[in-house]
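The residues making up each chain are set out below.
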Amino acid sequence: MNTSTPALITPELARSLMPQRADDAHKGNFGRALIIAGSRQYTGAAKLALQAASRSGAGLVFAAIPEPLHAPLAASLSEPIWLILPTSEGAIAAEAGKIIPTILADKDAVLIGPGLSQTEGTRAFLLSLLEHLRGEAPELPLMVDADALNLLSKEPDWKELLPERAVLTPHEMEFSRLTGLPLSEIHSNREELATRCAQEWQQTLILKGAHTLVCSPQGECRLLPFANSVLAHGGTGDVLAGLVVGLLAQGLLPFDAASLAVWLHARAAELAMQAVGHPASTLPSDILAHIGASMRSL
């Protein structure tokens, strides 16, 4: 195992990873991102992730959401293309699994998890999606976030359910559920554990928190030199998830997409805090509004 000191995610590294945009480019040049998200209780999570993916530079953003969420989200978001899913208990129903091939067709990256809820129907849909990806589209980058991680952690041998190119985005509590390790051990040994698990799981891992870590299946580890309570608001993780899937859709490799998204997210949070005036009052929607300025700072 690689036990060297993590490399810092610096502005220079972030600049080297930014996708280039030719003046004569069109939307087809920048990928098609699919976001599977939301439930009756967590409509906002889907909205934040969709906005962040659109701000990331992805050419097209598709929203696969439970039917009751369509009217309120479509009324406030103009950019996504809507894919309406059958609903049960205010969340995605198991029978939505029948249309997985349709919603995955021609997509360049997939995010599942923000605001998904943990109903039995949602679990069945998630397992169907993972089975389809393993068998029919193992190279399609998949980002697993939030409730999708929590559902996954309840499955025996969950690591075997993932396709080859996944990005996992746990905070420490979610990481504890995935590993079975106590929070105290995780908090005191973040770098070694994150690096080891990324290698053992053969997936890209973002361990969120103060000084977020990004670890690759090959044992590389990058550390974000940022710690500020501006990110201690519900919804900031949804913004990060949307950024990652948007960059994956543009062709970045998982480790690089995760690293760039983590830096852009943190820098946008800093800029938003400066504009708002205090970390306590800086909301995820403020971070969204500063993603462009974060990119410009590179």
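What you see is a predicted model, and the numbers here were worked out from it, not measured in a lab.

Parameters at a glance
- Residues numbered from 1 in each chain as written.
- Predicted model: local features only at pLDDT ≥ 70, side-chain atom pairs only at ≥ 80, totals over all residues.
- Heavy atoms only, no water.
- Helix = DSSP H or I, 4+ residues; strand = E, 2+ residues; numbered from the N terminus.
- Rg over C-alpha atoms; globule rule 2.2 N^0.38 Å.
- Buried < 20%, exposed > 50% of the residue type's maximum accessible area, 1.4 Å probe, protein only.
- Contact = heavy atoms within 4.5 Å.
- Areas by Shrake-Rupley, 256 points an atom, 1.4 Å probe, with all protein chains shown as cover.
- Lys, Arg positive; Asp, Glu negative; His and termini not counted.
- Charge placed at Lys NZ, Arg CZ, Asp CG, Glu CD.
- Pairing = 2+ DSSP bridges.
- Right-handed = clockwise from strand over helix to strand, strands pointing away.
- Expected span 1.5 Å × (residues − 1).
- Phe/Tyr/Trp six-rings, centres within 6.5 Å; stacked < 30°, edge-to-face > 60°.
- Lys NZ or Arg CZ within 6 Å of the ring centre and 35° of its normal.
- Axes fitted to C-alpha atoms, helices over the stretch in contact; angles between N-to-C directions.
- Parallel < 35°, antiparallel > 145°, perpendicular 65-115°, else oblique.
- Left-handed = near helix turned anticlockwise from the far one by under 90°.
- Nonpolar A, V, L, I, M, F, W, Y, C, P; charged D, E, K, R; others polar.
- Core = buried A, V, L, I, M, F, W, Y, C linked by side-chain atoms within 4.5 Å.

**Focus: the overall build of the chain**
For step 1, the next point in the chain: Assigned secondary structure in the chain consists of 13 helices and 12 strands.
For step 2, the next point in the chain: Its C-alpha atoms give the chain a radius of gyration of 18 Å, within 12% of the compact-globule value 19 Å for 298 residues.
For step 3, the next point in the chain: On the principal axes, the C-alpha backbone points of the chain span a range of 45 × 45 × 40 Å.
For step 4, the next point in the chain: Sorting the 298 residues of the chain into buried and exposed places 57% on the buried side.
For step 5, the next point in the chain: Counted over contacts in the chain with a minimum sequence separation of 6, partners at least 24 positions apart contribute 68%.
For step 6, the next point in the chain: When the accessible surface of the chain is summed, it comes to about 12300 Å², and 49% of that surface belongs to carbon and sulfur atoms.
For step 7, the next point in the chain: Put simply, the chain has 21 plus and 30 minus side-chain charges, and the middle of one group is 5 Å from the middle of the other.

**A short note on the pairing of strand β4 (residues 81-85)**
For step 1, the next point in the chain: Note that strand β3 (residues 60-66) and β4 share five bridges and pair parallel. Paired with Ala64 across the bridge in β4 is Leu83.
For step 2, the next point in the chain: As for the winding sense of the linkage, the β-α-β connection from β3 through helix α3 (residues 70-76) to β4 is right-handed.

**Things to note about helix α10 (residues 236-249)**
For an α-helix, the turn length of 3.6 residues means that residues three or four places apart are oriented alike.
For step 1, the next point in the chain: A rise of 1.5 Å per residue sets the reference length of α10, with its 14 residues, at 20 Å; its end C-alpha atoms lie 20 Å apart and thus fit the reference within 8%.
For step 2, the next point in the chain: Counting buried positions along α10 gives 14 out of 14 residues, so the element sits mostly inside the fold.

**Section: the packing of aromatic side chains**
For step 1, the next point in the chain: By the definition in use, this model includes two aromatic pairs.
For step 2, the next point in the chain: For the pair Trp158 and Trp201, a centre-to-centre distance of 4.9 Å together with 75° between the ring planes defines the contact as edge-to-face. With Trp158 in the loop between α6 (146-153) and β9 (166-168) and Trp201 in helix α9 (residues 190-201), this residue pair connects regions lying 43 residues apart in the sequence. The same class applies to Trp158 and to Trp201, which are both buried.
For step 3, the next point in the chain: The ring of Phe30 has Arg21 sitting right over it, with the charged end atom 3.8 Å from the ring centre.

**Overview of the packing of helix α7 (residues 172-179) against α9**
When two helices pack together, their arrangement is given by the angle between the helix axes and the distance between those axes.
For step 1, the next point in the chain: Between α7 and α9, the shortest axis-to-axis distance is 13 Å and the interhelical angle comes to 50°. By the criterion of interaxial angle, the relationship of α7 to α9 is oblique. Considering the relative orientation of α7 and α9, their crossing is left-handed. Contact residues: Glu172, Phe175, Leu178 and Thr179 in α7; Arg190, Leu193, Ala194, Cys197 and Trp201 in α9.
For step 2, the next point in the chain: Residue classes in the contact of α7 with α9 are distributed as six nonpolar, one polar and two charged.

**Some words on the nonpolar core**
Most often, soluble globular proteins have nonpolar side chains that are buried together.
For step 1, the next point in the chain: The biggest cluster of nonpolar side chains holds 59 residues, and the ones touching the most others in it are Ile35 and Leu260.
For step 2, the next point in the chain: Those residues in contact with Ile35 that lie beyond four places of it in its chain are Ala49, Leu50, Ala53, Val61, Phe62, Ala63, Ala64, Leu111 and Val245.

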